[in-house]
Amino acid sequence: MTQRKLPIGVQSFEKIRTGDYYYVDKTSYIHCLIEQAGYYFLSRPRRFGKSLLLDTLHQLFEAKEPLFRGLFIHDKWDWSRPRPVIRLGFGSGVMNGRELLDQNIHEQLNEQAVRLGVPLVNQTIGGRFAELIRRTHELYGERVAVLIDEYDKPILDNITNAPVATELREGLKNLYSVLKDADPHLCFCLLTGVSKFSKVSLFSGLNNLRDITLSRQYSAICGYTEQDVDTVFAPELAGLNREQIKTWYNGYNWGGEAVYNPFDVLLLLQEREFRAYWFESATPTFLVKMLAERGFFTPQLDRLESPLNLLGRFDVDDISTEALLFQTGYLTIRRKEEPVPSYWLYTLGYPNREVEASLNQALLPSLGVAGTEPTIRVLRLLQANDFTGLEQHFRALFAALPHDWYRNNPIAKYEGHYASVFYSHIAALGLRVTVEDASNTGKVDMAVEFNGHVYLFEFKVVEQVPGGKALQQLKDRNYADKYRAQGLPIHLIGVEFSREQRQIVAFERELA
């Protein structure tokens with residue numbers, strides 16, 4: 001098969017289609033959206049192809065037929081009937097005040113008016129946007145398609161400054177509220193972004209906006225499916241471990257087919273080595289700070305349960321941990337169930353190895369572990385199966401934490417802090433870690449498979465249970481039986497902590 005150029009950072013549909021780039025055909029999803037005709041909202045993490053999706057819609061509505069030859073939608077579209085497009089976006093620049101936001105919106109409205117040949121006489125943002133939509137419809141004799149990219153970025157850029165974020169939210173609400181009364185002039189509308197702000201706060205009155213974020217039908221509208229990777233990018237796969245590609249970059253799910261992070265896949269195919277490309281492109285400092293302040297038990301991040309309404313609850317003054325982690329792409333849907341009628345419960349977890357390793361590495365400083373040296377030391381000790389050294393390492397780690405750290409750091413108030421240090425250390429290495437791995441006799445706290453060995457950890461706090469129970473529980477419940485078929489050495493490790501001493505008080509290990 002012929003190799004093509006990798007479209008890294010390319011958001012122009014025309015450039016991809018005319019520049020000999022690989023292209024994953026998403027026009028079957030676009031066809032479904034347009035056939036159902038309506039106003040849509042789609043939330044996806046950053047760098048997931050939202051801008052390219054909007055540009056594809058833009059070129060389609062303007063009937064750029066040559067660009068769509070060979071694609072799903074080509075013989076299903078009326079190319080003789082172009083429709084005008086108004087396109088706004090907030091992906092570039094940082095606006096840290098209402099004045100800058102309003103100026104940016106006015107500039108965009110001016111640009112669209114000039115492009116479409118529509119004179120504007122109104123002065124207010126709402127009045128000019130409504131006028132632009134109405135006059136465009138009148139001039140072209142066709143209803144207008146409105147496409148808005150990164151609709152929430154001005155707010156998210158200032159989310160740690162609530163007064164400014166609120167001010168920007170009201171400014172955007174002033175713009176989006178125009179769509180409510182523009183229905184006679186619109187044929188289609190799509191807003192995309194990272195977060196899903198509540199309709200009350202940002203889309204007041206826009207009741208016909210359909211949220212397709214968790215629609216099974218559109219789960220793979222952005223990102224690459226298994227088939228996409230195996231077919232479209234087949235010429236690039238030689239020399240790469242296909243299963244490792246899946247482990248590291250697949251797993252994002254919004255209720256239907258799981259997808260790969262496209263940013264990761266493209267950079268892997270270019271660089272030919274596995275790295276945390278997506279995670280490294282933007283450090284989630286706000287997220288790390290929030291998790292630390294809320295004293296989050298890090299092993300729980302891979303088995304978080306949330307009702308549907310909590311996943312969509314996001315606002316300047318009401319940010320649930322589950323919603324933020326899910327909407328930003330650090331957690332994804334693992335399971336969906338209806339335990340009682342009309343009550344949907346979602347189990348969230350890391351989408352893949354990249355996110356689990358990278359997020360835990362970023363969280364280590366909030367657990368009192370500075371720098372990368374401690375993590376590398378854990379790796380070397382596991383490679384050597386040096387359990388005495390492992391015990392000494394973690395004892396020294398806890399002993400090195402100053403008293404002020406425990407007094408001033410919110411996460412230190414939680415007993416899960418000790419187990420979090422163990423888990424995040426090992427998860428940060430990108431090892432195969434399973435938390436609360438279930439067997440027919442119960443759930444082991446942590447299972448790790450590495451270097452031809454299996455390590456089963458049980459954690460206890462001695463103020464809660466008598467000493468000596470951690471290792472004994474591993475043996476009494478025969479947790480090792482589940483792993484014996486692999487024929488690997490199995491190490492049972494019982495770790496006991498003292499809340500009062502702020503230290504490990506027992507570290508026992510046996511071969512199963």
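So, here's what we can say about the structure. Quick caveat: nothing in here was measured; it's all calculated off a predicted structure. (Residues numbered from 1 in each chain as written. Predicted model: local features only at pLDDT ≥ 70, side-chain atom pairs only at ≥ 80, totals over all residues. Heavy atoms only, no water.)

Thoughts on the sheet that holds strand E12 (residues 442–450)
Here is the rule we go by: Any two strands with at least two DSSP-identified bridges between them are counted as paired. By definition, any uninterrupted DSSP run of H or I lasting at least four residues is a helix, any uninterrupted run of E lasting at least two residues is a strand, and each is numbered from the N terminus. To define axes, lines are fitted to C-alpha atoms, for helices over the stretch in contact only, and angles between the resulting N-to-C directions are given on a 0 to 180 degree scale. Whether two residues are in contact is decided by their heavy atoms, any of which lying within 4.5 Å being enough.
Across the sheet, five strands lie side by side as E11-E12-E13-E14-E15; this open sheet has mixed pairing. At either margin of the open sheet sits one strand with a lone partner, and together these are strand E11 (432–439) and strand E15 (503–511). Recorded for the sheet is a direction-independent mean angle of 25° between the axes of neighbouring strands. The pairing of strand E14 (residues 490–498) with E15 spans eight bridges and is classified as antiparallel. Residue pairing across strands places His491 opposite Leu511, the latter belonging to E15. Lying on the sheet, helix H21 (residues 469–476) is in contact with E12, strand E13 (453–461), E14 and E15; it crosses E14 at an angle near 145°.

Section: the packing of aromatic side chains
Condition: A pair of aromatic rings is counted whenever rings of Phe, Tyr or Trp (Trp by its six-membered ring) have centres within 6.5 Å, and the orientation is called stacked for planes under 30 degrees apart, edge-to-face for over 60 and tilted otherwise. Burial status follows relative accessibility: with a 1.4 Å probe on protein chains alone, a residue under 20% of its type maximum counts as buried, one over 50% as exposed, and anything between as partly exposed. Charge-over-ring contacts are defined here by two conditions on Lys NZ or Arg CZ: a distance within 6 Å of the ring centre and an angle within 35 degrees of the ring normal.
In the structure shown here, the tally under the stated rule is 30 aromatic pairs. Plain terms: the ring middles of Phe422 and Phe497 are 6.0 Å apart, the flat faces sit at 70° to each other, and that makes the pair edge-to-face. Residue Phe422 is found in helix H20 (residues 416–427), and its partner Phe497 is found in strand E14; the two are separated by 75 residues along the sequence. In this pair, the class of Phe422 matches that of Phe497, namely buried. Taken together, Phe13, Tyr23, Tyr40, Phe61, Phe68, Trp77, Trp79 and Phe188 form an aromatic cluster joined through their ring pairs. Here the basic side chain of Lys5 rests over the ring of Tyr21, its NZ or CZ set 4.6 Å away from the ring centre. Its end group placed over the ring of Phe72, Lys76 keeps NZ or CZ at 4.0 Å from the ring centre.

As for the state of the cysteines
The cut-off we apply is this: Here, a disulfide means two cysteine sulfur atoms that sit within 2.5 Å of each other.
Evaluated as defined, the whole model comprises zero disulfides. A disulfide-free cysteine, Cys32 has its sulfur positioned 14 Å from the sulfur of Cys222, the nearest such atom. Residue Cys32 is classed as partly exposed on the basis of its relative accessible area, which comes to 27%.

Regarding the packing of helix H2 (residues 27–36) against helix H3 (residues 50–61)
Packed helices, taken two at a time, are described by the angle between their axes plus the distance between the axes. Spelled out, the test is: Should the near helix be turned anticlockwise from the far one by less than a right angle, the crossing is termed left-handed; should it be turned clockwise, right-handed. Asp, Glu, Lys and Arg are counted as charged, while Ala, Val, Leu, Ile, Met, Phe, Trp, Tyr, Cys and Pro are counted as nonpolar; the rest, among them Gly, fall into the polar class.
Packing of H2 against H3 leaves a shortest axis separation of 11 Å and a crossing angle of 65°. The interaxial crossing formed by H2 with H3 has right-handed handedness. Contact residues: H2 offers Thr27, Ile30 and Ile34, while H3 offers Leu53, Thr56, Leu57, Leu60 and Phe61. Considering only residue class, the contact of H2 with H3 consists of six nonpolar, two polar and no charged.

With respect to the side chain of His393
Put simply, the rule reads: The term polar contact refers here to a pair of N or O atoms within 3.5 Å; inside protein, the definition further demands a hydrogen-donor-capable atom paired with an acceptor-capable atom, and it admits residues adjacent in sequence only when both atoms are side-chain atoms.
Structurally, His393 is set in helix H18 (residues 387–399). Assessed through its relative accessible area of 8%, His393 is described here as buried. From its side chain, His393 meets the backbone oxygen of Pro374 in a polar contact 3.5 Å long. Discounting chain neighbours no more than four positions away, the residues touching His393 are Pro374, Arg377, Val378, Leu381 and His425.

Things to note about the pattern of salt bridges
So the rule is basically this: Whenever a carboxyl oxygen of Asp or Glu lies within 4 Å of a side-chain nitrogen of Lys or Arg, that contact is scored as a salt bridge.
Throughout the structure, instances matching the rule amount to 26 salt bridges. In this structure, Lys196 and Asp211 form a salt bridge, with 2.9 Å as the shortest nitrogen-oxygen distance. On the criterion of sequence distance, the pair formed by Lys196 in the loop between strand E4 (186–193) and helix H8 (199–202) and Asp211 in strand E5 (residues 209–211) is long-range, its members being 15 residues apart. Overall, Lys196 belongs to the partly exposed group, its relative accessible area being 30%. On the basis of relative accessibility, which here comes to 29%, the residue Asp211 falls in the partly exposed class. As a salt-bridge pair, Glu226 and Lys246 come within 3.6 Å of each other at their nearest N and O atoms. Of this pair, Glu226 sits in helix H9 (residues 226–231) while Lys246 is found in helix H10 (residues 242–249), placing the two residues 20 residues apart along the sequence. Assessed through its relative accessible area of 37%, Lys246 is described here as partly exposed.

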